[in-house]
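# Topology and contacts: notes
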Protein chains: 2
Amino acid sequence: MKPVQPVGTRVLGPLAPDELDRIDAWWRAANYLSVGQIYLMDNPLLREPLRPEHVKPRLLGHWGTTPGLTFVYAHLNRAIRDRDLSMMYVIGPGHGGPGIVAAAYLDGTYTETYPEIAQDEDGLRRLFRQFSFPGGIPSHVAPETPGSIHEGGELGYALSHAYGAAFDNPDLVVACVVGDGEAETGPLATSWHSNKFLDPRRDGAVLPVLHLNGYKIANPTVLARIPETELLSLLRGYGHTPYVVAGDDPAEMHQAFAATLERCLDEIRDIQQEARGGGRVERRPWPMIVLRTPKGWTGPQEVDGQRIEGYWRSHQVPFADARGNESHRRILEDWLRGYRPEELFDGAGAPVPAIRDLHPAGGRRMSAIPHANGGLLLRDLELPDFTAYAVPVETPGTGAVEATRVLGTFLRDVMARNADRFRLFSPDENNSNRLQDVLEVTDRAWNAETLPYDDHLAPDGRVMEILSEHTCEGWLEGYLLTGRHGLFSCYEAFVHVIDSMFNQHAKWLKTTNQIPWRRPIASLNYLLTSHVWRQDHNGFSHQDPGFIDHVVNKKSDVIRVYLPPDANCLLSVADHCLRSRQYVNVIVAGKQPALQYLDMDSAVEHCTKGIGIWDWASSDGNEEPDVVMACAGDVPTMETLAAVDLLHGFFPDLRIRVVNVVDLMRLQDHREHPHGLSDADFDALFTRDRPVIFAYHGYPWLIHRLTYRRTNHDNMHVRGYKEEGTTTTPFDMTVLNQVDRFDLAIDVIDRVPGLQAHAGQAREWLRNRLIEHRRYIREHGEDLPEVRHWQWQQGAGPRLTTEQPSTRTPEG
Amino acid sequence: MKPVQPVGTRVLGPLAPDELDRIDAWWRAANYLSVGQIYLMDNPLLREPLRPEHVKPRLLGHWGTTPGLTFVYAHLNRAIRDRDLSMMYVIGPGHGGPGIVAAAYLDGTYTETYPEIAQDEDGLRRLFRQFSFPGGIPSHVAPETPGSIHEGGELGYALSHAYGAAFDNPDLVVACVVGDGEAETGPLATSWHSNKFLDPRRDGAVLPVLHLNGYKIANPTVLARIPETELLSLLRGYGHTPYVVAGDDPAEMHQAFAATLERCLDEIRDIQQEARGGGRVERRPWPMIVLRTPKGWTGPQEVDGQRIEGYWRSHQVPFADARGNESHRRILEDWLRGYRPEELFDGAGAPVPAIRDLHPAGGRRMSAIPHANGGLLLRDLELPDFTAYAVPVETPGTGAVEATRVLGTFLRDVMARNADRFRLFSPDENNSNRLQDVLEVTDRAWNAETLPYDDHLAPDGRVMEILSEHTCEGWLEGYLLTGRHGLFSCYEAFVHVIDSMFNQHAKWLKTTNQIPWRRPIASLNYLLTSHVWRQDHNGFSHQDPGFIDHVVNKKSDVIRVYLPPDANCLLSVADHCLRSRQYVNVIVAGKQPALQYLDMDSAVEHCTKGIGIWDWASSDGNEEPDVVMACAGDVPTMETLAAVDLLHGFFPDLRIRVVNVVDLMRLQDHREHPHGLSDADFDALFTRDRPVIFAYHGYPWLIHRLTYRRTNHDNMHVRGYKEEGTTTTPFDMTVLNQVDRFDLAIDVIDRVPGLQAHAGQAREWLRNRLIEHRRYIREHGEDLPEVRHWQWQQGAGPRLTTEQPSTRTPEG
């Protein structure tokens, strides 16, 4: 046993003897069920001595954190009943799955959800057997676990999820266990500061419980091995009033924890009451608990002379050979009998009344609270008519519109109409990403110190900005998972910071799609802007379009990727995404002044199809073209059209078809993705045998990956970002990656059969423009005027005079 | 001006008047050069009034953080000289690039590195013009910047880089500026705890300077807006003794900072001297500085009635229209002249002697210290002969070897022989990943509290374990960038946590390859284990092989991916990677007992080729096969061979060729990757027209992405992880994703022309085994004995008796 900090004098706690007994019985029952799940496949009530065949052949699960989780659970149950609280339980140590399943089973929720796991001996047998068993349930908390809003596994997001759940839920208290392992992760370490973004009037409360059980898989934890003064200093620095409960004697610990919990809940109530009564709204230190207990508490102290309880060896299965090794089996049996199951379950195997009496009723049970199955609470957004925000477009390919700025006007009114269920999240980039108009109707959430000249900061602001992509993502996930809506705007390159968080959320969505009682939640919407092609000013570190590649590895039924070419398309796509459920929507759109192509009617039609021929830019007369010029993304679309413009000038008879892709998944096979085009439809757009020059926003090979099965794939030539960049001009970014108009036009010349023989002069002219470009930017520091001022001329194209190349039409 | 905290009484600092003047002059010069870089393209010494054409047309750069960075730089220069320190400067706010370039220019390093940027008026003109200018230098610190070990941009890694630099450099002091924006990121927030992993005897020191300038892009910062008591409490909790220097009066601030810096350096010296003199080694609070100055300090206070200095508007270019707007140009000129350039530069434009006298000489200059160009210091690892660790293999496809455990024996001896330049990094997974044998020769680094029964913890341990992938990665990057070697072992799924850090490091390597004075550094080596196929016990959250996909988006000249199928191949690959330079090497290898295929000679030959036919498993008699069965990764290799075994039993005359891929980049076109096979070599392995059944470790589409140009691509049928998983058995993971032996054998039956017609019975048998598998695991909780105990039988295969299907040879 690890020498835990002494409790000092015996706590004269708030628990009357029978109350203490009830809590302890509940805790013993939860621990018994946890050990049973990890080890047993039969004989669940130990009606007979343990035999080898009662023990699972493969032992999978985590014991170490579990008794701490059940201990807290027991006490929260009591507090919920006493105070009629609406309380959620977010546990960072999600690998302590058996404890949470055990609690849901004792609550009755488990049986209500899964009737075959009844509250009797047979149900117990099934409960034990299914755990970490093929065809059963995962070893960690998971979508299958009632009351959980995350799958245990990747650590770091407990607190940000908890705050996300608390936002706009003034009556909710989110108890959040932070493991001392998880506390070492970066995302968790900064998420403590979430309390600077909480409004005590409008939001609920988060009660963090930092659980120091001292060990990770094979190491002690940092926070358990610094002086307590240092630890408390750290937590005060995070803006909390920490209360320590430390020890290993159950009776003392029950009293101490109960007393501490009461104090914390009183303080939360006081803060909220004062703020809501018109008093102080400004941030005060929120209470929190430091719970220091042995890892694997109440488990075997030693096995084969090796320390188990209070040591890292209890992290997973404390001893593995209980099936084959009789002495181990005896230890297991003694361990289980030590919880006195005969006092906890009646003859039929149901929890005895004393245990059933502890937990709250109905939706007050943390396993059954609707917030943890957020779809139950989800209400549609009230969306204004997005077409009302349309940018007028008289001539396609003209204008200078900041697409995200236009989106911001729409989002402003979305925000105004949904002030209880919609928020924007951004790592200090909301205005940089041109969404500033939302600040006309709300502020940035801010409950730290303010100064008179501060700009739109308020405790009840609904724009969530902290320079932590992790915290933004975690807040948003928690907000969505509890039944609300939101959008995360992020620099494209730095959204990779949360690659792994996206993974876990996509996995959650995939699994919940297969669980009927999990109700659909609003989609996770990413707006990726300040994108690769317009990070010319910030340089190479800011240039990375690979998040799309990352996203499309996940299940096709949960991921969507949109590349609206202009503002009206962005409005249409955004409206669609905000209405959707159970997806991750990735929208990539520029924030810089850019050309506008489609009026609103055309944009809606185009976005509804997701892919289409732009007749106004094409010269194929609806016949088989000589070449298809495809494009996806705003800058590649502009370069494609500029190339078309040049080609029209050179070769007025060349039959060019322009295909624009908004919904990237349209490219994929319809057997691979629900949005995928059939082969016939794909061939109708891209032909079966004509060259396709495809200018794509991201890494070019993704287009190959999506289209390799298509008839005409061998003729597809894709240009995109090939990891060439630096601080330079916008157009030079496209030149460095050969996705510029001149290179695209050369690609056409080189690939249309017969064209090259007649196009020497055109090719040379294009090459010369590239040379001139390089010379010009080095001299002037900005792009060629012809590029800066280029607009589509309805196919007229810039008339080349002295340098005009041959306009002979190619054969074929 | 933001009301800064009063300094209180005038500090009677350590600086004599002339010293103060020198420091202030140096600072003014650095600021002058910074503003000049951002704004000017001509008239660098303001010999004439500013005219529009002197101002750049596109203004790109960040002023806000710069004066703080130069202020600290000036004082560090003095301290280096006074104390003859070896000091590096790691700046988190890397967007303050102009300040660091300015410092390197004043130091003389810039001119030594880039002679065309001379210390005269013409050199100044070039210095200004090149900044953020096409063909010039990036706006942030970057590989091009002498003295920097990172590219400014993605924030969060300054402190972990600084600690990585300090490890094993006892004489080095790493001054590290943490911006208050960066301080909000998760990776930075947890990296403060790095001080628990530092040995005051063997390692150098890190001196953090938390720079509170109060604002990010458009928001105040959290740490600048909490009460100072709370801030100091936080920093003490992180294990530091913080000293605050706050104000805006230059003279007072110079004295205060100089005094504080002296105190900090004294404390560092005392801690080190005591530890090194045989006294206390245990961690004590290390000093740090909190520097609170206005953002954009010394810049214009207001422009057009809008607050600039001390506000977020000074973050980038404080006012943009200095070329077109005369009043703005006047403000710019006044601002620049306010630094009194005539006192700072002589008639020729060189810094005056007083300025040149401030900076230290030669390699003591922070811009010239060799640690910041780590390749200069890099010494090869002394590597034992890896073949001495070989696992004996008499029969291929037998045994039960933990590949990473074998690697651990090799790494143990690498560690022993390179105790000054090699470390292992892992997020609490070193032993879980089976590298525990290294603990025979070293310990885990740990300088927090210890208990008597602790297991291999010591301040001078060389296994770096903290539950933060970010911190591990940052430490390793800092260690490599300063000229040492290392390896990061990580659960495959969770290495995505550092996706974005990998991005930035790969970009750094790509760029440094093009900079002659940047010397090659050791490769960044990832060992990804506990991989997707053997996370059956931890469930879906732990199952993600997508890091490979992420990596291969980066430049082919810096990335390498290896999938050694067994322990001997892993040894060979690891030896190769540890000798390599300037790469990111990704090695994916299992830790569970697995079959061994190649003896050491064969393994070396196979890994040297990177891809090859396994004759011993093939039945094509070196002729054109009926089918190619390709595999990459340990589990897919086993399943492929088991399928071959089954097929040999069914169809003894079927000509199967087994191709194993170790070096994934061999698949790519040789024009795309230096390791890529030529088309002829690829066709020789994969044929031009025979079906290829490819069992791949990761997401199957990556193989298509790598091979879509190959002759035989249309016949390639790839199986891999398709995002199906849960807690189940190991074999069931392959079944869920159809990469199991039975499905692979069915794939062959379905795709070899003519075979299907004759193989009804075999197909049915295989389908039945899949049904039996599912039944069996649900009943027993473990895999079919025939699967658990399967070993390769030299082609004899399991003899199917009663169920034996037709063995008629297919046609063709």
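Parameters at a glance
- Residues numbered from 1 in each chain as written.
- Chains lettered and ligands numbered in written order.
- Predicted model: local features only at pLDDT ≥ 70, side-chain atom pairs only at ≥ 80, totals over all residues.
- Heavy atoms only, no water.
- UniProt positions renumbered as here; feature names shortened; annotations may be inferred.
- Helix = DSSP H or I, 4+ residues; strand = E, 2+ residues; numbered from the N terminus.
- Rg over C-alpha atoms; globule rule 2.2 N^0.38 Å.
- Buried < 20%, exposed > 50% of the residue type's maximum accessible area, 1.4 Å probe, protein only.
- Contact = heavy atoms within 4.5 Å.
- Areas by Shrake-Rupley, 256 points an atom, 1.4 Å probe, with all protein chains shown as cover.
- Salt bridge = Lys/Arg side-chain N within 4 Å of Asp/Glu carboxyl O.
- Polar contact = N/O pair within 3.5 Å; in protein donor to acceptor, adjacent residues only side chain to side chain.
- Nonpolar A, V, L, I, M, F, W, Y, C, P; charged D, E, K, R; others polar.
- Pairing = 2+ DSSP bridges.
- Axes fitted to C-alpha atoms, helices over the stretch in contact; angles between N-to-C directions.
- Least-squares fit on C-alpha atoms with pLDDT ≥ 70 in both.
- Expected span 1.5 Å × (residues − 1).
- Phe/Tyr/Trp six-rings, centres within 6.5 Å; stacked < 30°, edge-to-face > 60°.
- Domains from an automatic or database assignment.
- pLDDT = per-residue confidence, 0-100.
- Right-handed = clockwise from strand over helix to strand, strands pointing away.
- Parallel < 35°, antiparallel > 145°, perpendicular 65-115°, else oblique.
- Left-handed = near helix turned anticlockwise from the far one by under 90°.
- Disulfide = S-S within 2.5 Å.

Within an unreviewed UniProt entry, the label attached to chain A reads Probable phosphoketolase, and the organism entered is Nocardioides daeguensis. Comment text from UniProt for chain A, heading Cofactor (unreviewed entry), reads "thiamine diphosphate". On record in UniProt, under Sequence similarities (unreviewed entry), the comment for chain A is "Belongs to the XFP family."

Across its full length, chain A carries 25 helices and 22 strands. Here the C-alpha radius of gyration of chain A, 31 Å, is about what a compact globule of 812 residues would show, namely 28 Å. Going through the 812 residues of chain A one by one, you find that 71% of them count as buried. Sequence-distant contacts in chain A: of pairs separated by 6 or more residues, those separated by 24 or more amount to 78%. In the form shown here, chain A has an accessible surface area of approximately 23200 Å², with 47% of it arising from carbon and sulfur atoms.

For the rest of this paragraph, the subject is the pattern of salt bridges. Residues and elements named next belong to chain B. Across all of its chains, the model carries 132 salt bridges over all chains by this definition. With a shortest N-O distance of 2.6 Å, R125 and D42 are connected by a salt bridge. Of this pair, R125 sits in helix 5 (residues 121-130) while D42 sits in the loop between helix 1 (17-39) and helix 2 (66-83); the two residues are 83 residues apart in sequence, bridging distant segments of the chain. Judged by its relative accessible area of 26%, R125 falls in the partly exposed class.

Counting from both sides, the interface comprises 127 residues of chain A and, opposite them, 125 residues of chain B. A salt bridge links K554 of chain A to E723 of chain B; its shortest N-O distance comes to 3.5 Å. Here chain A is connected to chain B by 73 residue pairs in polar contact (both at pLDDT 80 or more). Of all the secondary-structure elements, those providing two or more residues to the side of chain A that touches chain B are helix 7 (186-191), helix 8 (228-237), helix 15 (499-512), helix 16 (547-551), helix 21 (701-707) and helix 24 (760-780) of chain A. Counting residues per element, the side of chain A that touches chain B draws most heavily on helix 15 of chain A, which supplies seven residues. Split by residue class, the side of chain A that touches chain B holds 45 nonpolar, 46 polar and 36 charged.

What follows deals with the sheet that holds strand 18 (residues 611-613) of chain B. Residues and elements named next belong to chain B. Pairing is mixed across the open sheet formed by five strands, whose spatial order is 18-20-19-21-22. If you trace the sheet from one side to the other, it starts and ends with strand 18 and strand 22 (716-719), each paired once. Going across the sheet, the axis of each strand differs from the next one's by a mean of 20 degrees, ignoring polarity. As judged from the five bridges shared by strand 19 (residues 627-632) and strand 21 (residues 692-696), these two strands associate in the parallel manner. Across the sheet, residue V628 finds its bridge partner in strand 21, namely V692. Running at roughly 130 degrees to strand 20 (residues 656-661), helix 20 (residues 679-686) makes contact with strand 18, strand 19, strand 20, strand 21 and strand 22 of the sheet.

A few words now on unusual backbone geometry. Residues and elements named next belong to chain B. At D84, a position not held by glycine, the phi torsion is positive, near 50 degrees. The backbone of D428 shows a phi angle near 65 degrees, a positive value even though the residue is not glycine. Relative to the assigned elements, D428 resides in the loop between strand 9 (422-426) and strand 10 (444-445). Under the relative-accessibility criterion, D428 is labelled buried at 2%.

Moving on, we get to the side chain of R202 of chain B. Residue and element names in this part refer to chain B. Tracing the chain through its elements places R202 in the loop between helix 7 (186-191) and strand 3 (205-212). Classification of R202 as buried rests on a relative accessible area of 16%. Side-chain polar atoms of R202 contact the backbone oxygen of G461, separated by 3.3 Å. Setting aside its immediate chain neighbours within four residues, R202 contacts D168, N169, P170, R423, P459, D460, G461 and R462.

All names here are of chain B. Spatial ordering of the open sheet is given by 1-2-3-5-4, a layout of five strands whose pairing is parallel. This sheet does not close on itself; its edge strands, each paired only once, are strand 1 (86-91) and strand 4 (240-246). If you compare each strand with its neighbour and ignore which way they point, the axes differ by 20 degrees on average. Summarising the sheet, strand 3 and strand 5 (residues 286-292) pair through four bridges and their orientation is parallel. In the strand pairing of strand 5, V209 is matched with I289. The strands touched by helix 6 (residues 158-166) are strand 1, strand 2 (172-179), strand 3 and strand 4; relative to strand 2, the strand with the most contacts, the crossing angle is about 175 degrees. Where helix 9 (residues 250-276) meets the sheet, it contacts strand 1, strand 2, strand 3, strand 4 and strand 5, and its direction lies at approximately 165 degrees from that of strand 5.

Another aspect to go through is the relation of the copies chain A and chain B. Between chain A and chain B, which share one sequence, the superposing operator has a rotation angle of 180 degrees and an axial displacement of 0.0 Å; the RMSD is 0.0 Å. Those values place the two copies in the arrangement expected of a two-fold rotation axis. The share of interface residues of chain A whose copies in chain B are also at the interface is 98%, consistent with both copies meeting through the same surface.

On to helix 1 (residues 17-39) of chain A, then. The terminal C-alpha atoms of helix 1 of chain A lie 32 Å apart, and with 23 residues this matches the ideal 33 Å at 1.5 Å per residue to within 8%. Extensive coverage of helix 1 of chain A is indicated by the burial of 19 of its 23 residues.

A separate point is the packing of aromatic side chains. Each aromatic ring pair is characterised by the separation of its centres together with the angle its planes make. Residues and elements named next belong to chain A. Inspection of every chain in the model, using the stated rule, returns 81 aromatic pairs over all chains. Ring plane angle 85 degrees and centroid distance 5.8 Å describe the contact between F197 and W446, whose orientation is recorded as edge-to-face. Here F197 is found in the loop between helix 7 and strand 3 (205-212), whereas its partner W446 is found in the loop between strand 10 (444-445) and strand 11 (457-458), with 249 residues between them in sequence. Since its relative accessible area comes to 1%, W446 is described here as buried.

Let us look at the domain arrangement of chain A. Along its sequence, chain A is organised into domain 1 (17-360), domain 2 (399-595) and domain 3 (612-788). Centre-to-centre separation of domain 1 of chain A and domain 3 of chain A, based on C-alpha positions: 57 Å.

Moving on to the side chain of S191 of chain B. Residue and element names in this part refer to chain B. With respect to the helices, strands and loops of the structure, S191 is situated in helix 7. For S191, a relative accessible area of 0% puts it in the buried group. Here the side chain of S191 touches L188 through a polar contact of 2.8 Å, landing on its backbone oxygen. Beyond its immediate sequence surroundings of up to four residues, S191 is in contact with L159, S160, Y163 and T471.

Let us look at the confidence of the model for chain A. Residues and elements named next belong to chain A. Scored by pLDDT, chain A has a mean of 94; 96% of the residues are at 70 or more. When the criterion is pLDDT under 50, residues 1-11 qualifies, and its contacts beyond four places in sequence or with other chains add up to 27 contacts. Residue range residues 801-812 is modelled with pLDDT below 50. Its contacts to residues more than four positions away, or to other chains, number 29 contacts. Prediction confidence for the complex, expressed as pTM and ipTM, is 0.96 and 0.96 respectively.

Another aspect to go through is the pairing of strand 16 (residues 584-588) of chain A. Residue and element names in this part refer to chain A. The buried count for strand 16 comes to five of five residues, which makes it a mostly enclosed element. Burial along strand 16 is two-sided: the face carrying V584, V586 and V588 and the face carrying N585 and I587 are both buried. As paired elements, strand 15 (residues 559-562) and strand 16 share four bridges and run parallel to each other. Within strand 16, the position partnered with R560 by the bridge is N585. Traced from strand 15 through helix 17 (residues 567-579) to strand 16, the parallel crossover comes out right-handed.

Let us now look at the packing of helix 14 (residues 469-481) of chain A against helix 15 of chain A. Residues and elements named next belong to chain A. Running from N to C, helix 14 and helix 15 point in directions that differ by 15 degrees, and their axes come no closer than 11 Å. Compared by their axis directions, helix 14 and helix 15 come out roughly parallel. The chirality of how helix 14 crosses helix 15 is left-handed. When helix 14 is examined against helix 15, the residues H470, E473, G474, E477 and L481 are found in contact with a partner set consisting of M501, F502, H505 and W508.

Residue and element names in this part refer to chain B. Evaluation of the coordinates by the stated rule reveals zero disulfides over all chains. The structure places no disulfide on C176, whose sulfur is separated from the nearest cysteine sulfur, that of C264, by 14 Å. In this structure C176 comes out as buried when scored by relative accessible area, which is 0%. Take C569: it sits in no disulfide, and the sulfur closest to it among the cysteines is that of C607, at 3.8 Å. The class of C569 is buried, set by a relative accessible area of 0%.

Looking along a regular strand, one sees the side chains alternate between the two faces of the sheet. All names here are of chain A. Across the five residues that make up strand 21 (residues 692-696), a large majority, five, are buried. Alternating positions in strand 21 separate into two faces, V692, F694 and Y696 on one and I693 and A695 on the other, with burial throughout. Looking at chain direction, strand 21 and strand 22 (residues 716-719) are connected through four bridges and run parallel. Bridge pairing links I693 to H717 in strand 22. Taken together, strand 21, helix 21 and strand 22 form a β-α-β motif whose crossover is right-handed.

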